[in-house]
Amino acid sequence: ETSRPQTNVSGVPVQAEEIAVRIPVQGPVVARNRAEITTRMMARVSALTADVGSRVRRGEVLIRLGTADIAANRAKAEAAVTMAEAARAEAARHADRMDTLLAQDVVPQVQRDQAHLMLTQAESQLAMAEASLREVETAGTYASIRAPFDGEVVSRYTDEGDVAAPGMPLLVVEEAGPREAKLSVPAEAVAGLAVGDTLQVTALGGRSAFAPVRVVAQGADPMSKTVEVRAVLPEDWPTGVSVTALVPAGITQAITIPTEAVVRRGQLTGVRVVTADGVALRWIRLGRTVADQDRVEVLSGLSAGDEIVL
C-alpha cells in the first residue's frame, strides 16, 4: 500500500540500539506457607469446626477426633502407674529391712543384694508405666487438631463421622499475608536476578504489579534446568492462578520504533516508511515491548537507516 507521491517528506531514521531483554516466565500464585492438616492417630472425626473459606487463627481447633479409646487407655495407664508405685514402695521397704538385718548379721549378703535387685526392677517397672501414661496423654493432644498459623482453609477432604488415618490430609490451610509468584526461571537468566530486584507480573485478567524478588534458589532443578524464584505480590491476589513475569535476560542489539508509529490492520502490523516516491506502508513483524520506553522491537521489515513517519 503506497500513498500518493509527496515531496519534502521528513521521517525519523531508525537504527539498532541496545535494549534490555526480558523473557516471559509463567508460574502460579502461592501463599508463603501452606500446610496440609493431618493426624497422627486413627480415629473418627467427631467435630469439624472449619470449612473452605474459613479464616482461622493460630492455635484454633479445626478438627476434633473421637476420644473414647484414648480415655480407656488413659485409665489403664493410670492404674498401671498406681500398681507400679505400690510395688516400688514395698520393694523399698523390703530393701531397707534387709539393710538393717545385714548390719545385725542376721541375713547373708546375697539376700540383701536380692532385695536391692527387686527394688531396681520395681523402679524400672514404675518408669515404664509412667512413660506409657505420658504416651497416652500425648496421644490425647492429637485429638484436637489446631491451625499452625493465621490463615484461611482452602481445601477440605473430610466430613464429620469419617475415619481419619495417619498421613491422610484432612484440611489445607494457607497462611494469611502477602502472596508470591512461584517462578521457574531458566538457569541462564538467573544471573541477572538478585533478591530485592523488581519484576513486572501480570495475571490472565490483565491485572499487573511490580513484585520484589524475595528468594532466588541457589541450585537448579537437574531435569528442567530452571531455578525457583519467588516474588512478593499483594495479599488480595488469589492463589492457584497463573501469572507471567518479565525476567531480565541481558542486553541485545535490536531495531525499535515508537509504539505510536505502528499501524494495525487486523492481525497485520506495519509502519509508514519514507521512500523516494513519498510514504509507503510496509508490513513488519514485531517482537518484545521495550520496558518503560513505550517502544517495540522490530524483528523484520525494517533496516537501520530507514526513515519512518510517526
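Structure report, in brief. (Residues numbered from 1 in each chain as written. Predicted model: local features only at pLDDT ≥ 70, side-chain atom pairs only at ≥ 80, totals over all residues. Heavy atoms only, no water.)

### Quick look at the side chain of Thr 256
At step 1: The topology assignment puts Thr 256 in strand 15 (residues 242–258).
At step 2: Sequence-distant contacts of Thr 256, that is, excluding residues within four places in its chain, are made with Gln 15, Glu 17, Ile 19, Val 290, Arg 295, Val 296 and Glu 297. (Helix = DSSP H or I, 4+ residues; strand = E, 2+ residues; numbered from the N terminus. Contact = heavy atoms within 4.5 Å.)

### Observations regarding the sheet that holds strand 10 (residues 171–175)
At step 1: The strand order across the open sheet built from four strands is 3-10-8-5, with neighbouring strands paired in antiparallel fashion. If you trace the sheet from one side to the other, it starts and ends with strand 3 (34–37) and strand 5 (55–56), each paired once.
At step 2: In this structure, strand 8 (residues 151–156) lies alongside strand 10, joined through five bridges in antiparallel fashion. The residue of strand 10 that forms the bridge with Val 153 is Val 173. (Pairing = 2+ DSSP bridges.)

### Re the sheet that holds strand 6 (residues 61–65)
At step 1: One open sheet holds the four strands; their spatial order is 7-6-4-9, and the pairing between them is antiparallel. Bordering the open sheet on either side are strand 7 (144–146) and strand 9 (163–164), each of which pairs with just one other strand.
At step 2: Summarising the sheet, strand 4 (residues 43–48) and strand 9 pair through two bridges and their orientation is antiparallel. Within the sheet, the bridge partner assigned to Ala 43 lies in strand 9 and is Ala 164.

### Here we look at the nonpolar core
What tends to happen in soluble globular proteins is that the nonpolar side chains get buried as a cluster.
At step 1: Within the largest apolar cluster, 23 residues are counted, with the highest numbers of intra-cluster contacts made by Leu 183, Val 185, Leu 199, Val 201, Leu 233 and Trp 237.
At step 2: Those elements that provide at least two residues to this core are strand 2 (16–31), strand 11 (179–186), strand 12 (198–203), strand 13 (208–216), strand 14 (226–233) and strand 15.
At step 3: Discounting chain neighbours no more than four positions away, the residues touching Leu 183 are Val 25, Gln 26, Gly 27, Leu 199, Val 227, Glu 228, Val 229 and Ala 245.
At step 4: Within the second largest apolar cluster, 21 residues are counted, among which are Ala 35, Met 41, Leu 62 and Val 153. (Core = buried A, V, L, I, M, F, W, Y, C linked by side-chain atoms within 4.5 Å. Buried < 20%, exposed > 50% of the residue type's maximum accessible area, 1.4 Å probe, protein only.)

### Here's the deal with the pattern of salt bridges
Two side chains with opposite charge may pair up if their charged atoms get near one another.
At step 1: All chains considered together, the criterion is met by 18 salt bridges.
At step 2: A salt bridge links Arg 156 to Asp 51; its shortest N-O distance comes to 3.3 Å. On the criterion of sequence distance, the pair formed by Arg 156 in strand 8 and Asp 51 in the loop between strand 4 and strand 5 is long-range, its members being 105 residues apart.
At step 3: The partly exposed category is assigned to Arg 156, whose relative accessible area is 33%.
At step 4: Ionic pairing is found between Asp 99 and Arg 112, a salt bridge with its closest N-O pair at 2.8 Å. Here Asp 99 is found in helix 1 (residues 68–103), whereas its partner Arg 112 is found in helix 2 (residues 109–141), with 13 residues between them in sequence.
At step 5: For Asp 99, a relative accessible area of 27% puts it in the partly exposed group.
At step 6: With a relative accessible area of 23%, Arg 112 lands in the partly exposed category. (Salt bridge = Lys/Arg side-chain N within 4 Å of Asp/Glu carboxyl O.)

### What to know about the pairing of strand 15
At step 1: With twelve bridges connecting them, strand 2 and strand 15 associate as antiparallel partners. Opposite Glu 17, over in strand 15, you have Ala 254 as the bridge partner.
At step 2: One ladder, built from four bridges, connects strand 12 with strand 15; its direction is antiparallel. The residue of strand 15 that forms the bridge with Gln 200 is Leu 246.
At step 3: Across four bridges, the pairing between strand 15 and strand 19 (residues 295–300) is antiparallel. Across the sheet, residue Thr 256 finds its bridge partner in strand 19, namely Glu 297.

Such coordinate-based values are descriptive only and should not be taken to indicate function.
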